[in-house]
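Next come the chains, spelled out residue by residue.
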Amino acid sequence: MATTTTARPRASSASQTKEHIFAWEGRDKTGKIVRGEMRAGGATVVNVTLRRQGIVVIKVKKKAYRSGKKITEKDLTLFTRQLATMMKSGVPLLQAFDIVGKGHANPSVSKLVMDLRGDIETGTSLNNAFRKYPLYFDALFCNLVGAGEQAGILEDLLARLATYKEKTIALKGKIRSALVYPTSIMAVAGVVVAVIMLFVVPAFKQVFSSFGADLPAPTLIVIAISDFVVNYAYLIFPALFAGLYFFFQSWKRSLKMQQTMDRLLLRIPVVGEIIRKATIARWTRTLATMFSAGVPLVDALDSVGGASGNHIYLDATKRIQTEVSTGTSLTVAMQNSNVFPNMVTQMCAIGEESGALDHMLGKVADFYEDEVDEAVNRMSALMEPFIMVVLGVIIGGLVIAMYLPIFKLGDVV
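What counts and how
- Residues numbered from 1 in each chain as written.
- Predicted model: local features only at pLDDT ≥ 70, side-chain atom pairs only at ≥ 80, totals over all residues.
- Heavy atoms only, no water.
- 1 Å grid on protein atoms, 1.4 Å probe; cavity = no way out; pocket = protein on both sides within 12 Å on 5 of 7 lines; lining within 4 Å.
- Points joined across faces, edges and corners; volume = space filled by probe spheres on them.
- Helix = DSSP H or I, 4+ residues; strand = E, 2+ residues; numbered from the N terminus.
- Nonpolar A, V, L, I, M, F, W, Y, C, P; charged D, E, K, R; others polar.
- Core = buried A, V, L, I, M, F, W, Y, C linked by side-chain atoms within 4.5 Å.
- Buried < 20%, exposed > 50% of the residue type's maximum accessible area, 1.4 Å probe, protein only.
- Contact = heavy atoms within 4.5 Å.
- Phe/Tyr/Trp six-rings, centres within 6.5 Å; stacked < 30°, edge-to-face > 60°.
- Expected span 1.5 Å × (residues − 1).
- Arc of directions from axis to C-beta.

(A) Spotlight on the layout of surface pockets. What the largest pocket holds in volume is close to 1,200 Å³. Per-element accounting of the lining of the largest pocket gives the leading share, 9 residues, to helix α7 (residues 154-209). Looking at side-chain class alone, the lining of the largest pocket contains 18 nonpolar, 8 polar and 9 charged residues.

Right, dumping it as structure tokens:
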């Protein structure tokens with residue numbers, strides 16, 4: 001028994017007919033059972049194509065892809081690394097797509113890879129095949145793949161792309177780890193305070209009403225806040241959730257809001273400095289990757305600004321691109337933008353003078369990635385005691401305020 005995969009049939013109406021993957025089984029001219037998969041517009045096309053190849057068709061079945069998880073940046077990075085490794089090992093491109101597509105744990109990635117394989121099999125360049133899926137492959141990715149195809153160094157460019165994406169994911173992960181812990185702790189503290197105000201304080205209020213004595217001022221303040229929360233809970237909590245929803249939606253969709261928030265984030269003590277260093281690391285890493293691939297500097301700057309992840313640096317990159325296109329050196333243009341530290345511009349100046357700009361930019365990216373590591377570790381070490389103090393003041397203050405009348409009653413007794 002043998003297993004084989006036939007070539008995809010030519011489809012004159014591929015643009016009008018939606019194509020699917022079909023699994024087939026049949027017998028070849030020697031009577032041996034053969035199996036394979038074919039991308040076609042229908043089972044009839046598969047049958048006709050196989051008969052032309054001398055195969056007696058036993059069965060043809062449309063291959064259904066299970067609905068998988070959302071395709072993440074990590075999935076695409078792994079795909080890029082696998083593709084680069086197999087191409088460097090001499091595996092043909094179509095066979096590499098077959099191996100990656102059939103072996104991936106996420107069915108959504110498998111479907112994407114097989115769709116890409118089908119496009120390439122019809123003669124579409126790898127670069128143009130990726131451009132059909134802008135949701136997953138951005139301009140930076142497509143431009144580097146295109147440069148690799150033109151220069152004949154596609155496997156090297158894919159390896160650089162994989163390294164770039166791996167470092168970018170690691171950098172984003174460090175920023176998230178620095179922000180998730182304090183955010184989650186404060187969210188839990190908010191839930192605890194809400195429970196105390198809605199259920200615990202009203203119970204204490206009923207007990208205190210039987211004392212027949214004046215309550216301490218802190219207790220009266222807490223009871224007044226609790227009464228307000230209980231009376232207007234049907235307005236407070238929906239308004240809070242709606243406000244957070246509209247805030248994040250406007251941040252996601254409004255360009256002006258994104259610019260404002262990016263500017264504010266850079267000004268936050270400690271956190272702002274980490275975000276700035278991470279942004280510079282991404283900016284320099286992206287430019288180093290593009291420039292080392294042979295992409296002209298002005299063209300490379302098209303993708304660099306968006307990859308930085310911050311609108312302040314995106315606007316600065318557009319100004320830098322305009323100045324560089326008129327003959328200004330990159331170093332001078334970066335200095336005029338007023339968003340890069342002196343060390344970054346000096347390293348770029350050395351790179352321009354020595355003809356090793358990509359190497360110097362890579363060194364800058366390495367330096368700032370290490371700086372982000374250290375800053376995140378320092379912030380994590382400082383954040384824990386700070387959060388404990390805040391929680392102690394809020395939760396402890398509420399508890400003390402509710403127990404003060406009990407202490408006072410004990411003194412009277």
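(B) The nonpolar core, seen in detail. Ranked by size, the top nonpolar core spans 76 residues in total, and within it Phe79, Leu116, Phe130, Phe137, Leu287 and Ile320 carry the most contacts. Among the elements that take part in this core, helix α16 (residues 357-412) stands out by supplying 11 residues, more than any other. The residues contacting Leu287, other than those within four sequence positions of it, are Leu297, Ala300, Leu301, Val304, Leu330 and Leu361. One finds Met197, Val201, Phe208 and Met402 within the second-largest nonpolar core, a separate group that totals 10 residues.

(C) The arrangement of the packing of aromatic side chains in detail. For the structure on display, the rule yields 16 aromatic pairs. Look at Phe228 and Tyr232: their rings are 5.1 Å apart centre to centre, the planes differ by 40°, and that puts the pair in the tilted class. Residue classification places Phe228 among the partly exposed residues on the basis of a relative accessible area of 49%. One aromatic cluster is present, built from ring pairs that chain together Phe79, Phe97, Phe130, Phe137 and Phe141.

(D) Main features of helix α8 (residues 217-231). With 15 residues, α8 extends 21 Å between its outermost C-alpha atoms, agreeing within 8% with the 21 Å of an ideal straight helix rising 1.5 Å per residue. Of the residues making up α8, those classed as buried are Thr219, Val222, Ile223, Ser226 and Val229. On an axial view of α8, the arc spanned by its buried residues comes to 125°, and they lie on one face. Seen from the buried face of α8, the exposed residues on the opposite side, beyond 90 degrees, are Ala217 and Ile221.

(E) Fine view of the environment of Asp370. Looking at the element boundaries, Asp370 is found in helix α16. As for Asp370 and Lys277, which are separated by 93 residues in sequence, their C-alpha atoms are 9.6 Å apart.

(F) Here's a closer look at unusual backbone geometry. With a phi angle near 65°, Val270 is a residue other than glycine that sits in the positive phi range. The residue Val270 is located in the loop between α10 (255-267) and α11 (271-292) in this model. Unusually for a residue other than glycine, Asn338 sits at a positive phi of about 60°. Tracing the backbone through its elements, the reader meets Asn338 in the loop between α14 (330-337) and α15 (342-354). Note on Asn338: relative accessible area 67%, which makes it exposed.

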